[in-house]
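# Chain and residue survey
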2 protein chains.
Amino acid sequence: MPDAADAILTAQKRRRTGGRAGNRRRGGAAIEQMPWRLPVNIDRPTEPLTEEGVERLHHATMRILEEIGIEFLHPEAVEILRAAGCTVQGENVRIGRDMVMEMVAKAPAKFTLMPRNPDRKLTIGDGHILFGNVSSPPNYYDLEIGKKVSGTRQQCANLLKLTQYFNCIHFAGGYPVEPVDVHASVRHLDVVFDKLTLTDKVMHAYSLGKERVEDVMEMVRISQGISHEEFEAVPRMYTNINSTSPLKHDYPMMDGWMRMARRGQGLVVTPFTLAGAMAPVTMAGAVAQSLAEGLAAVVLAQIINPGVPCVIGTFTSNVDMKTGAPAFGTPEYMRATQMTGQMARFYGLPMRSSGVCAANVPDGQAMWETEHSLWAAVQSGTNMVYHAAGWLEGGLVASPEKFIMDCEVLQQIQRYLEPEVCDVSDDALAVETIREVGPNGHFFGVDHTQERYETAFYQPFLSDWKNFEAWEAAGAVWTAERAHTLFKRIMDEFEAPPLDVAIREELEDFVARRKAEGGAPTDF
Amino acid sequence: MPDAADAILTAQKRRRTGGRAGNRRRGGAAIEQMPWRLPVNIDRPTEPLTEEGVERLHHATMRILEEIGIEFLHPEAVEILRAAGCTVQGENVRIGRDMVMEMVAKAPAKFTLMPRNPDRKLTIGDGHILFGNVSSPPNYYDLEIGKKVSGTRQQCANLLKLTQYFNCIHFAGGYPVEPVDVHASVRHLDVVFDKLTLTDKVMHAYSLGKERVEDVMEMVRISQGISHEEFEAVPRMYTNINSTSPLKHDYPMMDGWMRMARRGQGLVVTPFTLAGAMAPVTMAGAVAQSLAEGLAAVVLAQIINPGVPCVIGTFTSNVDMKTGAPAFGTPEYMRATQMTGQMARFYGLPMRSSGVCAANVPDGQAMWETEHSLWAAVQSGTNMVYHAAGWLEGGLVASPEKFIMDCEVLQQIQRYLEPEVCDVSDDALAVETIREVGPNGHFFGVDHTQERYETAFYQPFLSDWKNFEAWEAAGAVWTAERAHTLFKRIMDEFEAPPLDVAIREELEDFVARRKAEGGAPTDF
């Protein structure tokens, strides 16, 4: 195709010399990225279960709740459930399906989360698929350090900067890496301060004891410069709890869950049902158990505060048959996520899943496993994708290179979901242009192309589309190393989002006061 | 979860010491892989077009064929089309939609391809998704050589061994790398000899001139020890042609297409419509043009031999906005593939797409781009996935490491498509097992798990699911290097499939005779 090649070169020259094609949108200096927006998942979900299959999975879930029950290791939670009519024996709570369905029906199918920057407001549900950063790895790895190390506050802050920097990251999850260099009693104060000053996106609180939850809610309230009443008027943050599978909710998680429920904040419950270990080896059984554990928490929340927003999460995966180690982004994981998606729609609840892998470094395996989990999120109709950027080693390691590689994929998913890619207007079908070009022409120079060229296709910031020779001449840099270079450049150019000085001082004062008081107990 | 961890360790010990879990299926020494089978795509396709959108795309395709026409640079083809009622002006052939639909309807929705080993018989269509090796890169890269080099016969043979070795590779495509060290006049003889002796899977012939096509058909016939009549009784091989987009079919491709059509072999037509270069910049326009070019060849084949099996291929992608270079595995590529899938179903034809990437080395980018194309193949209902293993640099480089990494992904897709993953029988829902284990137990040791443990989950051969410390202790080997090690081990243990000595000698004699005759002309 020498003609086409010539035309391409001509157009490139034209662009370089400031022709029509020179009017490109410009982002930051490090990369040119997609603008912030809330992508809508336009695909019909992939549904491995028939209608009868959904009924069977529902029935099994209800039998677990009715006949076997869930243990709530929190006396107040047990009392609330007993008073509402559940069958209680010690810590075991059995809930009839009528009550489950009645309570679940009170939870909204969609809701908003309002962070300190109203432009970053999220709608959870309503067809959206939103992405959050990796949360809670105790360890950190980057190519410069070259090994797995315990997380620090600085590394955590750097990953928070990435969370803020990338427009395809919609919400801040838990700590993107645990800053082990900060004492656990005051860690939440320092990290939440960093989070609220380095990002303006929707915030998360760990449900790890009364003090932590109350401190984070108060700091979020301060950051938004609002009253307690305003804080409670709409959800402004969320928590995510995990059950202690099988069939248990522990005290600190339940405590945070109930505190957040009372104040009308967002509630996400995500059982970690590893098939063959904490759940049945069969995926449908693991999903049924996950749903039962999740719905039990939703029932409690709806009794406490009817209508409080609840999200059903899935973290059902399988173990490695050779070692018993957890595996992620597997075929079984994908199907469990899709089955959970069908059930979330059946119960009318927004859904959470994750971007996950078992790989230890940001290489080919890391990307195929993460791709499997991210496409499962798309296929399942997931609304909140946790850990969507930066996760390695089954969640035990956070990596800035992986974060950036994942964001490249997230942007491509966002582009994939733009309806205009499949536009079949007469303009897009372009029969007249095909006639104009004919069998001996090329399309590069025609008006139809030139008018659309700058926005017709997704433009990556990390993928290298040079040919081998040009790539070699540019240093033969593999993807992970390119991501590392971008990481450094993003850190250099990062600017924190604006925050009123008085609010910042109020946050500083709060942190200082709570540190003086000793922070939170660490006996959990 | 210390309880679960203990149980895992106990079970591991039991397995090592030859307990129940010791009865694992064993494959070759290098890896334990999935058995050969023809996976069925059980997912409902992802359909970005509405019913009206399908009609609009169809109408645009028909307008291209009726109003603009396709150039056939082959006088005999033009005469055949003229005689059948098409409107001919020089090389331009316009075909009315009634004739298109009448002829396309003669092509079967499914057909079989019979290679020399009847156990490797394929059914194309009928819901199958089948995978073939990378085809036609002129260059080769592996981690040992560390740079891009021209292909050799030895490298080609090694990649053919991988094609045979992996059960997830169902058919042999074109040369997995062009052996540039063999003169072009006799290259097809040597490579097809290697192919027929190193593999027993379905064979392909390039449509590159009369001699090549006839030689390959004859060698396939010899390899199966059958008469000419038997050769023509069922399709035993296939060709794949590309149009010369826009809107042209060149002489050698048409020549091979017609020769294969007359003898009732499999026909795949795959226009390479790169949006913005050889096709409109809008994806629907590029797909419409691709369909028009493809359907024109199908019409010709059906006039020549009504009922001959035809497959509609797609290779619609987009260029890099920065350089004009082709890009692969992009969001636009995915949607074009899905749209083509909808149209292939509309026309009742089996479909071909590809496993592709723009990346130059087998790294993270290579895998996310390849994943995008492979999931597009699943989502589109593709029946034949060309280039499914081994492709780099937009098809200019073949890589054994990439081949092996891709096979890991292909196996996972095969597992993903097994209906039993989503079994919702009472056994799979496992309510009684959840009751038995209760809130304080674990599932590892129970009968329900032990009875299913060995086959419950996909077992990878390349993914490393060890934790970071164990992975580090094992040498901290990244995926591509692990694949390289496997490549060496597979080469060491490879055994060619059995072939009757007399047939092998007949093939050798044929090659010697045709070489003595000068092989094929090289003036194309």
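Residues numbered from 1 in each chain as written. Chains lettered and ligands numbered in written order. Predicted model: local features only at pLDDT ≥ 70, side-chain atom pairs only at ≥ 80, totals over all residues. Heavy atoms only, no water.

## Overview of the relation of the copies chain A and chain B
Comparison of the two chain copies shows a relationship of rotation about an axis with a shift along it. Overlaying chain A on chain B yields an RMSD of 0.0 Å, the required transformation being a rotation through 180 degrees with an accompanying axial translation of 0.0 Å. Such values leave the two copies arranged in the relation of a two-fold axis. Residue A:G364, judged by its C-alpha, is the member of chain A lying nearest the rotation axis, at 2.2 Å. Here 99% of the contact residues of chain A are again contact residues in chain B; the copies associate through an equivalent surface. (Least-squares fit on C-alpha atoms with pLDDT ≥ 70 in both. Contact = heavy atoms within 4.5 Å.)

## Side note on the confidence of the model for chain A
All names here are of chain A. The predicted model of chain A has a mean per-residue pLDDT of 94, with 94% of residues at 70 or higher. A low-confidence stretch, residues 1–27 stays under pLDDT 50, and its non-local contacts, those more than four residues away or across chains, total 38 contacts. Confidence estimates for the predicted assembly give a pTM of 0.95 and an ipTM of 0.94. (pLDDT = per-residue confidence, 0-100.)

## Observations concerning the interface of chain A and chain B
Each partner contributes residues to the interface: chain A has 127 residues there, and chain B has 126 residues. When chain A packs against chain B, the two sides together hide about 11000 Å² of surface, and 63% of this comes from carbon and sulfur. Three residues, A:M321, A:W368 and A:W465, lead the burial of chain A against chain B; their summed loss comes to 9% of the area buried on that side. The tally of links between chain A and chain B comes to 12 salt bridges. A salt bridge links A:R56 to B:D426; the nearest nitrogen and oxygen atoms lie 2.4 Å apart. Counting across the chain A and chain B interface gives 49 residue pairs in polar contact (both at pLDDT 80 or more). Class assignment for the residues of the side of chain A that touches chain B results in 62 nonpolar, 32 polar and 33 charged. (Buried area = accessible area lost by both parts, 1.4 Å probe. Salt bridge = Lys/Arg side-chain N within 4 Å of Asp/Glu carboxyl O. Polar contact = N/O pair within 3.5 Å; in protein donor to acceptor, adjacent residues only side chain to side chain. Nonpolar A, V, L, I, M, F, W, Y, C, P; charged D, E, K, R; others polar.)

## Brief notes about the packing of helix 5 (residues 153–165) of chain A against helix 6 (residues 184–198) of chain A
Residue and element names in this part refer to chain A. Running from N to C, helix 5 and helix 6 point in directions that differ by 30 degrees, and their axes come no closer than 9 Å. When the interaxial angle is binned, helix 5 and helix 6 end up roughly parallel. The way helix 5 lies across helix 6 gives a crossing that is right-handed. For the pair helix 5 and helix 6, the contacting residues are R153, C156, A157, L160, K161 and Q164 in the first and D190, V191, F193, D194, K195 and L198 in the second. Residues belonging to the contact of helix 5 with helix 6 are distributed by class as follows: six nonpolar, one polar and five charged. (Axes fitted to C-alpha atoms, helices over the stretch in contact; angles between N-to-C directions. Helix = DSSP H or I, 4+ residues; strand = E, 2+ residues; numbered from the N terminus. Parallel < 35°, antiparallel > 145°, perpendicular 65-115°, else oblique. Left-handed = near helix turned anticlockwise from the far one by under 90°.)

## Thoughts on the nonpolar core
A:F166, A:I404, B:F166 and B:I404 are the most contacted members of the largest nonpolar core, which totals 133 residues. The contact partners of A:F166, leaving out residues within four places of it in the chain, are A:I31, A:Q33, A:K201, A:F403, A:I404, A:C407, A:F461 and A:I490. (Core = buried A, V, L, I, M, F, W, Y, C linked by side-chain atoms within 4.5 Å. Buried < 20%, exposed > 50% of the residue type's maximum accessible area, 1.4 Å probe, protein only.)

## Some details on a negative patch on the surface
Residue and element names in this part refer to chain A. On the surface, a cluster of negative charge is made up of D500, E505, E506 and D509. Along the chain, E506 falls in helix 19 (residues 501–516). Residue E506 is classed as partly exposed on the basis of its relative accessible area, which comes to 39%. (Patch = residues over 30% accessible without salt bridge, like charges linked within 9 Å, V, L, I, M, F, W, Y side chains within 5 Å. Areas by Shrake-Rupley, 256 points an atom, 1.4 Å probe, with all protein chains shown as cover. Lys, Arg positive; Asp, Glu negative; His and termini not counted. Charge placed at Lys NZ, Arg CZ, Asp CG, Glu CD.)

## Here's the deal with the pattern of salt bridges
One pass over the full model with this rule turns up 68 salt bridges over all chains. Its salt-bridge partner being A:D215, residue A:R514 comes within 2.7 Å of it at the nearest N-O pair. Here A:R514, found in helix 19, pairs with A:D215, found in helix 7 (residues 210–223); they are 299 residues apart in sequence, far enough to count as distant. There is no split in this pair, since A:R514 and A:D215 are both buried. A salt bridge links A:R335 to B:D43, with the shortest nitrogen-to-oxygen separation between them at 2.9 Å. Of this pair, A:R335 sits in helix 11 (residues 331–347) while B:D43 sits in the loop between helix 1 (2–16) and helix 2 (51–68), each in a different chain. By the burial criterion, A:R335 is buried, and B:D43 matches it.

## Regarding the sheet that holds strand 16 (residues 326–327) of chain B
All names here are of chain B. Within the open sheet, the three strands sit side by side as 13-15-16. Their pairing is mixed. Unpaired on one side and paired on the other, strand 13 (274–275) and strand 16 mark the two borders of the sheet. Inspection of the sheet shows strand 13 paired to strand 15 (residues 317–319) by two bridges, in the parallel sense. The partner of L274 across the bridge, within strand 15, is S317. (Pairing = 2+ DSSP bridges.)

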